[in-house]
Every structure is written in structure tokens, then in C-alpha cells.
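# Structural overview
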Amino acid sequence: MKVSYHVFRDYQLPVLSASDEEALTRLTAGQKAKARKLLYSFVSMCHHPKRNKIFLGATHREGDILVEFDLKTRKFRSCGFAKSGLFGPGDQKIHKGLHLDEKEDAIYFGTATLIPMSESMEAEGGKLLRYDIATGKFRKLAAPTKGDYYQGTLRDARRGKMYMFTGRGSFAVYDLKRRRLVRWENMESCPHNGCMDPDGGIWGVYGAGRQEFFRYNPDRNRFEFPGTALPNALAASGIMYHGAGPVDCIIDGGDGFLYIASPLGELYRMDYRGGGLKYLGKPFPDRRLPGLAVGPDGWLYLAGGNSRASMLARYSREEERFEYLGTVEHPDGTYLHYAHELVVVDGTVYIGETDNKTRSGYLWACEI
């Protein structure tokens with residue numbers, strides 16, 4: 001595996017930080033001003049095949065939260081959200097949810113925040129937005145949940161809806177066609193991201209003391225509770241952050257199953273129609289497994305670990321086996337500390353980095 005890294009903006013923290021939320025708390029006023037401009041992490045990703053680009057949802061305190069990476073030139077470009085006139089003080093990241101509509105040549109997303117509840121309670125809350133790639137224009141679709149921001153979003157183009165998993169542990173449904181909030185329910189839990197199955201059902205977790213899966217049926221506007229939970233769901237909760245559920249990543253595998261990565265670093269397969277759950281294994285000794293995607297070759301690619309450098313592996317669904325690909329570390333000693341999301345393009349795994357203890361997050365490329 002050949003590893004390289006690509007730097008959009010770089011900032012070296014003068015003190016160690018456990019997370020992006022904590023990063024500025026022990027800096028001087030002058031250091032904070034510089035960090036606010038230069039400190040980035042990459043927390044969501046989508047590949048645009050026709051344009052041969054990757055769009056990156058960033059964490060940035062001054063609102064530069066959508067960045068474009070050209071796969072041919074290896075150059076970054078800010079998409080300019082901070083200067084769009086739509087940026088509000090709480091719009092500080094796009095966390096787990098960039099949705100490309102190739103026909104429209106547009107990206108849909110929602111905004112997340114770093115500000116504490118004491119500041120966000122009376123704030124506008126998360127925005128739902130559309131970015132027109134050709135014109136470079138952003139359009140605000142709605143801000144339907146006052147004071148609450150979005151840890152994960154999903155878009156259903158056919159039904160004209162967006163689904164939001166909020167920082168306060170709620171699940172919300174917004175009808176883009178009718179321009180109204182359909183549901184906003186407290187689920188007492190929050191997955192790192194949600195998932196839409198092939199029938200249009202939306203999967204998340206609910207119940208602080210249960211941490212079981214729910215499925216929202218958009219056609220009936222009803223919740224379904226199959227009684228399915230990870231076997232160690234409670235032990236896997238509260239690891240990502242306080243109040244988080246046991247799902248580090250969940251995706252539709254395109255083969256009739258959903259695949260679930262746990263914050264304990266375990267991989268599961270779920271029959272979305274029957275609710276049956278199968279444990280597939282644990283690719284790394286560490287906890288955390290936020291990077292999970294289906295590659296063009298049909299393998300599941302996984303990035304995670306939290307002890308030092310993140311690790312990369314893949315899983316063959318046909319052979320039911322893991323293949324360890326290695327630690328994501330450059331020969332110059334620079335390493336990926338926290339993987340957050342990945343995409344696979346032409347035999348290369350691109351990984352967004354977040355919560356680095358000493359510097360800005362980079363975009364990593366691992367040629368397999």
C-alpha cells in the first residue's frame with residue numbers, strides 16, 4: 001500500500017487537543033484567531049465521477065465547510081460557503097452527509113455545529129442546503145429544527161425528503177416538496193450516520209437504555225421497531241461522544257444487506273427485511289470504525305482505530321474474510337490519527353481525517 005497525504009490548510013496546534021471541539025479552549029486570543037482560519041478537518045465525502053472530483057465536508061469554525069479536491073491535479077478549491085451569505089455562527093461542519101445528485105449536478109447537505117447547547121438553544125439550528133456545482137451557488141432549503149444541528153443527513157430524491165439525525169439525539173423528516181417538517185422525534189440516541197435501505201426505509205437507533213434499531217417508513221410516516229440490537233449495544237454506546245449510540249457507520253451494501261460498524265471496531269451484517277444480524281468480525285485491535293464503504297471491486301473497505309495511526313482493511317463478502325492493508329502512515333513519519341470517512345476511486349482509498357491532536361486534518365490517499 002502506497003500512502004500519500006494532501007493538505008488544504010495547515011495549522012500546528014501549540015498544545016495537544018483531544019478533539020476539534022476542544023482544540024481552541026487552551027489557546028491565547030491570538031492563537032485562537034489563527035486557528036479559526038486555518039484549522040480544518042474532513043468529516044464527510046462524496047465522489048463525483050463525471051467531474052473526477054471528491055467533495056469534502058469540512059469542520060471549520062468560520063464556515064468554509066465545503067471543499068473540492070481534483071483527482072487529476074490533486075488541488076483543493078474552496079466552494080465558498082463562508083462567503084455565500086448563508087453562513088451562520090453555528091454552521092461549522094458538514095458531518096456525515098454529502099449527497100450528490102448527478103442529474104442535477106448538485107450536492108445536498110445539512111450543517112452541524114461545534115457550539116455548546118448554551119449557545120445553540122436560541123440559534124437558528126441546522127440548515128438544509130443545496131449547492132449547484134456549475135454555478136457555485138448555495139441555496140438554503142430550510143432550517144426546520146430551531147437550536148438543533150445535524151450529525152447525519154440522508155436525502156431521498158424520489159420522495160423529495162431529507163432525514164436528519166440531530167446532535168441532541170432526535171430524528172427529523174423534512175418534506176422538500178411541501179416545505180414542511182414532517183417529524184421531529186426524540187430518540188434518546190444518535191448513530192454516527194443513518195442509512196436508507198433499498199425500499200426507502202431509514203435506519204437509526206433509539207432508547208438510551210436499549211440502543212435498538214428503528215426503521216422509519218416514509219410512505220406510511222410510521223416508525224417500525226424490529227427488536228434488533230447489536231449484542232453489545234450498551235457497551236458500544238457513549239464511545240464516540242457522550243450520548244452517542246452504538247453505530248459508528250451503517251451503509252447499504254447493495255446486496256440485500258446493511259453493514260454496520262461499531263465504535264468497538266466490530267463489523268456486522270443485517271438483513272434489512274428480516275432484521276437478522278450476523279457478526280462478521282473485528283478487523284483491528286483498536287476501537288472505532290467510522291470509515292466503511294463498498295468499493296467498485298465489491299469489497300467492503302474499512303478504516304478505523306484510535307490508539308495512534310488509523311488502519312485500513314477490506315472484507316470479502318464472497319470469501320467472508322478480512323484482508324489487513326496496513327497502517328495509514330507516510331514514509332516521512334506523518335500518520336493519519338482519526339479516520340472519519342472514505343471513498344474508493346480507481347484502486348485508491350481516500351480518507352478524510354478529523355480530531356488530530358496536533359494539527360489540521362489532511363486528505364489521505366492509499367493506493368492498493
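First, a word on what this report is: a plain description of the structure on this page. (Residues numbered from 1 in each chain as written. Predicted model: local features only at pLDDT ≥ 70, side-chain atom pairs only at ≥ 80, totals over all residues. Heavy atoms only, no water.)

With that settled, the discussion passes to the sheet that holds strand β7 (residues 106–110). The sheet built from four strands is open, its strands ordered β6-β7-β8-β9 with antiparallel pairing. Taken across any chain shown, the strands that pair with only one partner, and hence form the sheet edges, are β6 (98–101) and β9 (137–142). In this sheet, adjacent strand axes meet at a mean angle of 25° when their direction is disregarded. With five bridges connecting them, strand β8 (residues 128–132) and β9 associate as antiparallel partners. Looking across to β9, one finds that Tyr-131 is bridged to Phe-138. (Pairing = 2+ DSSP bridges. Helix = DSSP H or I, 4+ residues; strand = E, 2+ residues; numbered from the N terminus. Axes fitted to C-alpha atoms, helices over the stretch in contact; angles between N-to-C directions.)

All right, on to the nonpolar core then. Nonpolar side chains tend toward joint burial in soluble globular proteins. Counting 17 residues, the largest nonpolar core has Leu-312, Val-328, Leu-342, Val-349 and Ile-351 as the members making the most contacts within it. Secondary-structure elements contributing two or more residues to this core are β23 (300–304), β26 (339–345), β27 (348–353) and β28 (363–367). Among the elements that make up this core, the one with the highest residue count is β26 (three residues). Ignoring sequence-local partners within four residues, the contact set of Val-349 consists of Tyr-301, Leu-312, Leu-342, Val-343, Val-344, Trp-364, Ala-365, Cys-366 and Ile-368. Among the nonpolar cores identified, the runner-up in size contains 16 residues, and Phe-42, Val-345, Tyr-350 and Ala-365 belong to it. (Core = buried A, V, L, I, M, F, W, Y, C linked by side-chain atoms within 4.5 Å. Buried < 20%, exposed > 50% of the residue type's maximum accessible area, 1.4 Å probe, protein only. Contact = heavy atoms within 4.5 Å.)

A few words now on the side chain of Glu-68. As for its placement among the helices and strands, Glu-68 is situated in strand β4 (residues 66–70). In terms of polar contacts, Glu-68 uses its side chain to reach the side chain of Lys-53, at 3.1 Å. Once you skip the residues sitting within four places of it in the chain, Glu-68 turns out to touch Lys-53, Ile-54, Phe-55, Lys-75, Phe-76, Arg-77 and Cys-79. (Polar contact = N/O pair within 3.5 Å; in protein donor to acceptor, adjacent residues only side chain to side chain.)

Turning our attention to the packing of aromatic side chains. Applying the stated criterion across every chain, the model contains 24 aromatic pairs. Here the aromatic rings of Tyr-5 and Trp-364 are separated by 5.1 Å at their centres, their planes lie at 40°, and the arrangement is tilted. Here Tyr-5 is found in strand β1 (residues 2–6), whereas its partner Trp-364 is found in strand β28, with 359 residues between them in sequence. Residues Phe-171 and Phe-214 carry aromatic rings whose centres are separated by 5.3 Å and whose planes lie at 65° to one another, so their mutual orientation is edge-to-face. (Phe/Tyr/Trp six-rings, centres within 6.5 Å; stacked < 30°, edge-to-face > 60°.)

On to unusual backbone geometry. Positive phi outside glycine occurs at Asp-105, with the angle close to 55°. With respect to the helices and strands, Asp-105 occurs in the loop between β6 and β7. The buried category is assigned to Asp-105, whose relative accessible area is 17%.

Right, let's talk about the environment of Val-343 for a bit. With respect to the element layout, Val-343 can be found in strand β26. Here Val-343 falls in the buried class, since its relative accessible area comes to 12%. Along the primary structure Val-343 and Ser-4 are separated by 339 residues, whereas in three dimensions their C-alpha atoms are 15 Å apart. Ignoring anything within four residues of it in the chain, the contact list for Val-343 reads Met-45, Ile-54, Thr-348, Val-349 and Tyr-350.

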